[in-house]
Amino acid sequence: MPIATTPIRDDAAVAALVTDPAKLLTMVEESLIDRRETISADQAYALADLDIDAALVTDERPEGTVLDAMLDLAHRVRVLWTSEEVALESIVSGKTGGCPEDCTFCSQSSAFETLVKPQPLLTESEVLQAAASAEAQGATEFCIVYAVRGPDERLMENILELTAIVHAKTEMDVAVSAGILTADQAKRLKAAGVIKYNHNLEAARSFFPQVATTHTWEERWETLNLIRDHGMEVCTGGIVGMGETPSQRAELALELAEFRPTETPLNFLNPRPGTPMANREPMSPREALHAIALFRLVLPWTLLRLAGGREIALQDLQSAGLLGGVNGLIIGNYLTTLGRTPQEDVKMLKDLDIPVRGVQDLL
Ligand code: SF4
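Residues numbered from 1 in each chain as written. Predicted model: local features only at pLDDT ≥ 70, side-chain atom pairs only at ≥ 80, totals over all residues. Heavy atoms only, no water.

S.K.: Any details on the site of the ligand? Residues and values, ideally.
M.R.: Neighbouring residues of the ligand: Cys 99, Glu 101, Cys 103, Phe 105, Cys 106, Ser 109 and Ala 147. For the shell around the ligand, the class distribution of residues is five nonpolar, one polar and one charged. (Near = heavy atom within 4 Å. Nonpolar A, V, L, I, M, F, W, Y, C, P; charged D, E, K, R; others polar.)

S.K.: Account for unusual backbone geometry, naming residues and giving values.
M.R.: For Arg 36, which is not glycine, the phi torsion reads 50° and is therefore positive. Secondary-structure assignment places Arg 36 in the loop between α2 (21-34) and α3 (41-49). Notably, Glu 202 is not glycine yet its phi reads approximately 75°, a positive angle. If you trace the backbone, Glu 202 turns up in the loop between β5 (194-198) and α8 (217-229). (Helix = DSSP H or I, 4+ residues; strand = E, 2+ residues; numbered from the N terminus.)

S.K.: Tell me about the pairing of strand β2 (residues 91-95), and please be specific about residues and values.
M.R.: Counting buried positions along β2 yields four of five residues, so the element is predominantly enclosed. Examined bridge by bridge, β2 and strand β3 (residues 141-146) share four bridges and lie parallel to one another. Counted as the bridge partner of Val 92 is Ile 144 from β3. This β-α-β element, β2 to helix α5 (residues 124-136) to β3, shows right-handed connectivity. (Buried < 20%, exposed > 50% of the residue type's maximum accessible area, 1.4 Å probe, protein only. Pairing = 2+ DSSP bridges. Right-handed = clockwise from strand over helix to strand, strands pointing away.)

S.K.: Report on the packing of α3 against helix α9 (residues 246-257), specifying residues and quantitative values.
M.R.: Two quantities define a packed helix pair, namely the angle between the helix axes and the distance between the axes. Close contact between α3 and α9 brings their axes to 8 Å; oriented N to C, the two are set at 145°. You can see that α3 and α9 cross each other, and the crossing is right-handed. Along its contact with α3, which presents Ala 41, Ala 44, Tyr 45, Ala 48 and Asp 49, the element α9 presents Pro 246, Ser 247, Ala 250, Glu 251 and Leu 254. Its residues placed into classes, the contact of α3 with α9 shows seven nonpolar, one polar and two charged. (Axes fitted to C-alpha atoms, helices over the stretch in contact; angles between N-to-C directions. Left-handed = near helix turned anticlockwise from the far one by under 90°. Contact = heavy atoms within 4.5 Å.)

This is a description of form; function is not addressed.
Quick look at the structure:
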């Protein structure tokens, strides 16, 4: 099993790059656009350290800031490396609440007194109903998410049964998120036809001790290895705005890049009552946009999907995210919080003239 490594940060090299943002962005553009190569760890750390409000004026952009230039570059990278389209996905919670883990951002943890109370597993007919409704809206993939440390044998059998039923009754691919896996479980999920497994690293290795104590970052890393080694697509991302530094955001993006994830969900902390992070100030919209552009520039190939907390962090700047590197949205409600309606999101995409892949006919 490969040992997890944290990308080395050379402080002197990073500081030198930060002194000239225009030159740094030109170097990044030459790598990503001209040569179609990924950027270096020092470039990623430097992008994270930039003063995003500093003026950066070019011939094409007579007024503007470093953030404007980063978003513009991130959008061009997204279009070149992925496509013009934005993919929409809805998720269903197969089991909500009562999780024994203590992730400090999560209202589904049984370690905290939150408004989310443990629910029984969704029944077969509830899952089928949700799958049918997702397919009717044009979804091509159906993701079932369980709030657990990892699947026990009863849950494994449930997942395998539901996967077979969704395959039999719909044309959709099945994706699953059910926590930490063993090698045998990864093998069985692959054999059952689970196409993609979601398991977020959540935070940089250097910040993770502030996120959870009941499991380690390395356990999450090992599960990602199992997903990849057993031939499932890797879907892994994290949450920003938990108190990490911008440099730790770059660290997380670089760590995720090790797995070349097909998809990267980017969540923004939505401070939930009762959790240890309840009183943390949400990120500012401009800080959130900086994180989006950074993730795109470090992970140019991925389906970068805005997920939970985007309404809180981005506020009225959601559309700037879609023109700054994002090419996927979780639509409808998240696992424990309400999102905007799918119709509002599709209208926003139409207003921006961005083609939509996935859920259709929502207007
Ligand atoms: S993030 Fe996942 S593992 Fe952590 S407490 Fe929430 S449901 Fe459990």
